[in-house]
Amino acid sequence: MAKVILKNVGKSFGNVIAVADVNLEIGDREFLVLVGPSGCGKSTTLRMVAGLEEITSGEIYIGERLINHVAPKDRDIAMVFQNYALYPHMNVHENMAFGLKLRKFPRAEIDRRVKEAAETLGIGHLLRRKPKELSGGQRQRVALGRAIVREPRVFLMDEPLSNLDAKLRVQMRAELAKLHSRLQTTTIYVTHDQTEAMTLGDRIVVMNGGRVQQVGTPGETYNRPANLFVAGFVGSPQMNFLECAVTIEGEAVYLNGGTFRVKVPEVKAGPLKPCNGQNVILGIRPEDVLAGREAERFSESAFAALVEVVEPLGSEVHLYLKSGAHQLTVRAEPSLSARLGEPLPVALKMEKMHAFDRNTERAIF
Ligand code: ATP
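The structure reproduced in this document is the subject of the present report. Fair warning: this is a prediction, and the values are worked out from it, not measured in the lab.

Regarding its fold elements, the protein chain presents 10 helices and 20 strands. The C-alpha extent of the protein chain, read off along each of the three principal axes, is 80 × 45 × 35 Å. The buried share of the protein chain, reckoned over its 365 residues, is 49%. Partitioning the intrachain contacts of the protein chain with sequence separation of at least 6 by distance along the chain shows that 66% fall at a separation of at least 24. Accessible surface for the protein chain amounts to roughly 17,600 Å². Of this, 48% is attributable to carbon and sulfur atoms. Between the averaged position of the 47 positive side-chain charges in the protein chain and that of its 42 negative side-chain charges there is a distance of 7 Å.

Within the structure, the ligand sits among Phe13, Ala18, Pro37, Ser38, Gly39, Cys40, Gly41, Lys42, Ser43, Thr44 and Glu159. Within the side chain of Ser43, one N or O atom sits 2.7 Å away from an oxygen atom of the ligand. Interatomic distance of 2.5 Å between a side-chain N/O atom of Thr44 and an oxygen atom of the ligand. Contact with the protein chains hides 58% of the accessible area of the ligand, taken as 640 Å² for the molecule alone.

The next subject is unusual backbone geometry. Most peptide bonds take the trans form, and the phi angle of most residues other than glycine is negative. A cis amide bond links Ser236 with the next residue in sequence, Pro237, at an omega value of -5 degrees. Positionally, Pro237 belongs in the loop between helix 8 (228-233) and strand 11 (240-249). Notably, Arg29 is not glycine yet its phi reads approximately 75 degrees, a positive angle. Despite not being glycine, Glu151 shows a phi value in the positive range, around 45 degrees. Note that Glu151 resides in the loop between helix 4 (136-148) and strand 7 (154-158).

Strand order in the open sheet made by the 6 strands is 6-7-8-3-9-10, with mixed pairing throughout. Both edges of this open sheet fall to strand 6 (77-80) and strand 10 (211-216), since each of them pairs with a single strand only. Recorded for the sheet is a direction-independent mean angle of 15 degrees between the axes of neighbouring strands. Across 5 bridges, strand 7 lies against strand 8 (residues 186-191) in parallel orientation. Paired with Phe155 across the strands is Thr187, a residue of strand 8.

Attention now goes to the layout of surface pockets. A probe matching the size of a water molecule, rolled over the atoms, marks out where space remains unfilled. A volume near 460 Å³ is recorded for the largest pocket. In terms of lining, the largest pocket is formed by 18 residues, of which the most central are Ala78, Met79, Phe81, Arg146 and Arg150. Among the secondary structure elements, those contributing two or more residues to the lining of the largest pocket are strand 6, helix 2 (92-102) and helix 4. With 4 residues, the single largest contributor to the lining of the largest pocket is helix 2. Its residues placed into classes, the lining of the largest pocket shows 12 nonpolar, 2 polar and 4 charged. Its boundaries defined by the atoms lining it, the second largest pocket holds a volume of some 320 Å³. If you trace the second largest pocket, you find 17 residues lining it, with Ala291, Glu294, Ala332, Glu333 and Leu336 closest to the centre. Contributions of two or more residues to the lining of the second largest pocket are made by strand 15 (289-291), helix 10 (293-296) and strand 18 (326-332). A breakdown of the residues in the lining of the second largest pocket according to their chemical character gives 7 nonpolar, 4 polar and 6 charged.

Turning our attention to empty space enclosed by the protein. In the structure shown here, the tally under the stated rule is 1 cavity of 30 Å³ or more. Lining the largest cavity we find Phe31, Phe155, Met157, Leu176, Leu179, His180, Leu183 and Thr187. Elements supplying a minimum of two residues to the lining of the largest cavity: strand 7 and helix 5 (166-183). By residue number, the principal contributor to the lining of the largest cavity is helix 5, which donates 4 residues.

Glancing now at the pairing of strand 9 (residues 203-208). Across 4 bridges, strand 3 (residues 31-35) lies against strand 9 in parallel orientation. Paired with Val35 across the bridge in strand 9 is Val206. With 5 bridges connecting them, strand 9 and strand 10 associate as antiparallel partners. Following the sheet pairing, Val206 is matched in strand 10 by Gln214. As consecutive antiparallel partners, strand 9 and strand 10 are separated by 2 residues, and within that stretch Gly209 has a phi angle of approximately 55 degrees, a positive value.

Turning to helix 2, its buried residues number three or more, namely Val92, His93, Asn95, Met96, Ala97, Gly99 and Leu100. For helix 2, the N-terminal capping position is held by Asn91, with its side-chain oxygen 3.1 Å away from the main-chain nitrogen of His93. Lys104 lies just past helix 2 and shows a positive phi near 60 degrees.

Rules and cut-offs
Residues numbered from 1 in each chain as written. Predicted model: local features only at pLDDT ≥ 70, side-chain atom pairs only at ≥ 80, totals over all residues. Heavy atoms only, no water. Helix = DSSP H or I, 4+ residues; strand = E, 2+ residues; numbered from the N terminus. Buried < 20%, exposed > 50% of the residue type's maximum accessible area, 1.4 Å probe, protein only. Contact = heavy atoms within 4.5 Å. Areas by Shrake-Rupley, 256 points an atom, 1.4 Å probe, with all protein chains shown as cover. Lys, Arg positive; Asp, Glu negative; His and termini not counted. Charge placed at Lys NZ, Arg CZ, Asp CG, Glu CD. Near = heavy atom within 4 Å. Polar contact = N/O pair within 3.5 Å; in protein donor to acceptor, adjacent residues only side chain to side chain. Pairing = 2+ DSSP bridges. Axes fitted to C-alpha atoms, helices over the stretch in contact; angles between N-to-C directions. 1 Å grid on protein atoms, 1.4 Å probe; cavity = no way out; pocket = protein on both sides within 12 Å on 5 of 7 lines; lining within 4 Å. Points joined across faces, edges and corners; volume = space filled by probe spheres on them. Nonpolar A, V, L, I, M, F, W, Y, C, P; charged D, E, K, R; others polar.

This is the structure:
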């Protein structure tokens, strides 16, 4: 096991800057998730650690060792891909044993490791089957098993669950978490799925446009997003963004959104005072918007919004509302009665609000 350090790492393909100036320190035993939309540079970052892409600039260390020019097979890493990459003509045992055979491990040691990994992954009864005789979930377990038997210092995983159906993905996600707490191998995991990132990562790295936007625990990125991009990417349904004008009346700071006017809580008012007369982006999560009766209790700040879509999900309901030019998503109790096309009172839990600079998109708080 080892820590992994990326220092000012960059990668260009001709004129395309895929990754720019990435600095990361992944702790020994840590499970770090790189997450971001398609094309943000997460796979390229992982592939540079694996040695599958050359590094254009910067340095990568595994443990104390600079590995920029070390061949992939000598980096002591094991990679798991989205497409499993199993050999179709080999059975499960042979697939899992292959890497060890190449490295000339003694037969008894190979058998011991394969058996142990297969038991851990619940595929001990499938060792004689070929990949085509397995389900997608079983194939992915074999791909994981092949990585585990290597007992590498670092696991690198590139969207390993993306080919599985939704239910199996959730199940495998939990198994991966258990596996990590058992093996404690340093892991770098790439996904575009923010739920996967939040549930698996000790820390997550949110990337966009080849750059790191924020590094933090799932709680930090959710509760204190560094900018508009992270605020919108982390959390589902995504945070509401409402452009408002800042006005100061006496000691109080108000946000005026045209169809509503809300008072900023005293503890949050200070950082907004310099924005007097300017527009800022008010951020509020769907669960921090009250609707219906609950909102009416806040008679001072409640306002009406038109119900455009109602999505009943059983345990909760998502409402998509419109208020003037603003779109507003609300996550509410299933008992809430809301009718399409009718106005519904809403109120914002202002103590939970975020604010972002309209120009730099950085969080004001
Ligand atoms: P996805 O989730 O779609 O795989 P990603 O976040 O992993 O996306 P990368 O695959 O790392 O993104 O790609 C980052 C950027 O680099 C993209 O703009 C991509 O088009 C570009 N890119 C990646 N590989 C190459 C290549 N071999 N040649 C040219 N451009 C490339």
